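Notes for the structure review
The primary structure of each chain is shown beneath.
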Amino acid sequence: MTEIPDDHPRAASLRTRHRIEDGVEKGITSKQGLIAEGRGEAFDYLLGERTLPSADDAERAAAAQLLLADHAVLSVNGNVAALVPGEMVELAEATGADVEVNLFNRTDERMDAIADHLRDHGADEVKGLAADARIPGLDHERAKVDADGIGDADVVLVPLEDGDRAAALAEMGKTEIVVDLNPMSRSPRAAAIPVIDNVVRAIPRMTEHARDLAGASDDELERIVAEFDAEEALAAAERAIRTGGDE
Ligand code: PTJ
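These notes cover the structure that comes with them. (Residues numbered from 1 in each chain as written. Predicted model: local features only at pLDDT ≥ 70, side-chain atom pairs only at ≥ 80, totals over all residues. Heavy atoms only, no water.)

Structural notes on the overall build of the protein
- A count of helical and extended segments in the protein gives 12 helices and 7 strands.
- Relative to the 2.2 N^0.38 estimate, which gives 18 Å for 247 residues, the radius of gyration of the protein is 17 Å and therefore close to what a compact globule would have.
- By principal-axis analysis of the C-alpha atoms, the protein measures approximately 50 × 45 × 35 Å.
- Of all 247 residues assigned to the protein, the portion counted as buried reaches 53%.
- Pairs at least 24 apart in sequence give 64% of the contacts found in the protein among residues at least 6 apart.
- As displayed, the protein has an accessible area near 11100 Å², and 46% of this comes from carbon and sulfur atoms.
- The protein carries 26 positive and 53 negative side-chain charges, and their two centres are separated by 5 Å. (Helix = DSSP H or I, 4+ residues; strand = E, 2+ residues; numbered from the N terminus. Rg over C-alpha atoms; globule rule 2.2 N^0.38 Å. Buried < 20%, exposed > 50% of the residue type's maximum accessible area, 1.4 Å probe, protein only. Contact = heavy atoms within 4.5 Å. Areas by Shrake-Rupley, 256 points an atom, 1.4 Å probe, with all protein chains shown as cover. Lys, Arg positive; Asp, Glu negative; His and termini not counted. Charge placed at Lys NZ, Arg CZ, Asp CG, Glu CD.)

Quick word on the pattern of salt bridges
- Scanning the entire structure with this criterion turns up 22 salt bridges.
- A salt bridge links D56 to R205; its shortest N-O distance comes to 3.2 Å. Highlighted residues: D56 in helix α3 (residues 53-68) and R205 in helix α10 (residues 199-212), separated in sequence by 149 residues.
- Judged by its relative accessible area of 32%, R205 is partly exposed. (Salt bridge = Lys/Arg side-chain N within 4 Å of Asp/Glu carboxyl O.)

Side note on the side chain of E41
- As for its position among the elements, E41 is in helix α2 (residues 31-46).
- If near-sequence neighbours (up to four positions away) are discounted, E41 is found in contact with S13 and R17.

Observations regarding the site of the ligand
- Inspection of the region around the ligand gives 20 residues, with G78, F104, N105, R110 and N198 positioned closest.
- Residue R110 places a side-chain N or O atom 2.6 Å away from an oxygen atom belonging to the ligand.
- Contact between the ligand and V199: a nitrogen atom at 2.9 Å from a main-chain N or O atom of the residue.
- Here the ligand, which alone exposes 750 Å², has 95% of that area covered by the protein.
- Elements with a contribution of two residues or more to the shell around the ligand: α2 and α4 (78-83).
- Take the shell around the ligand: its biggest share by element is 5 residues, from α2. (Near = heavy atom within 4 Å. Polar contact = N/O pair within 3.5 Å; in protein donor to acceptor, adjacent residues only side chain to side chain.)

Some thoughts on the sheet that holds strand β6 (residues 175-179)
- Reading across from one edge, β2-β1-β5-β6-β7 is the order of the 5 strands in this open sheet, with parallel pairing throughout. Among the strands making up the open sheet, the edge pair consists of β2 (98-101) and β7 (193-195). If you compare each strand with its neighbour and ignore which way they point, the axes differ by 20° on average.
- Sheet topology places strand β5 (residues 155-159) next to β6; 5 bridges connect them, and they run parallel. Each bridged residue has a counterpart across the sheet, and for P159 the counterpart in β6 is V179.
- The strands touched by α3 within the sheet are β1 (72-76), β5, β6 and β7, with β7 carrying the most contacts at an inclination of about 135°.
- Helix α6 (residues 108-120) contacts β1 and β2 of the sheet and is inclined by roughly 150° relative to β2. (Pairing = 2+ DSSP bridges. Axes fitted to C-alpha atoms, helices over the stretch in contact; angles between N-to-C directions.)

This is the structure we're talking about:
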């Protein structure tokens, strides 16, 4: 990988791009993942490549929702595995959530490569390989989940999800947290908690919030979730894009 100087104005974005390239080379990320990354970069640029205050509120609400869950599952696809493998494992540890590989372009090779990659980054148990349950209303491959994973979860974190599956999971009655840089995309609009931020910033911040809230009562966690306004968070991100940075 080419050395990227720290003072390069777009250093963080270039490093992210290299991680996705690396993911494709390792058989973790799909080629479509490169296109998704490009789309994400465009929105991140328009958002000023920073976490908006409304996104930080969403990250706190997401942490509270994960801590409140009976069974939370963090879904991992090829882009998430390339960008934030260790960070997802840390968030799972901080919230008591399971980690499950769930792919749009599912192949056994990629499932195994991603599960191995997550184990290399500290995951004890990786779900998704049993694939003994289905999300209703989706075609066969995309619908596969573990019965004791996403199938059983009451709260699911789905970063960078495609709109159909996000809607189908919401339809199953699961409380969905979606991380996506595009506030106009269907996936964050289907979510109870849309997090309009780059996954590389969002996941570590959620972990920080979860650690901060570790001693909070259920009443306090429920208050944080109830006070979060999804519509307003989506509108704030759209305003930031349209006005060139201000919310
Ligand atoms: O690994 P697989 O097979 O499960 O495939 C994963 C991808 C991402 C290729 C697949 O789900 C897909 O095609 O997704 P879409 O429909 O391109 O949607 C990706 C969304 O994620 C878009 O709305 C992007 O703006 C957004 N996005 C891209 N990179 C990031 C991001 N959001 C947050 N952080 C990012 N780094």
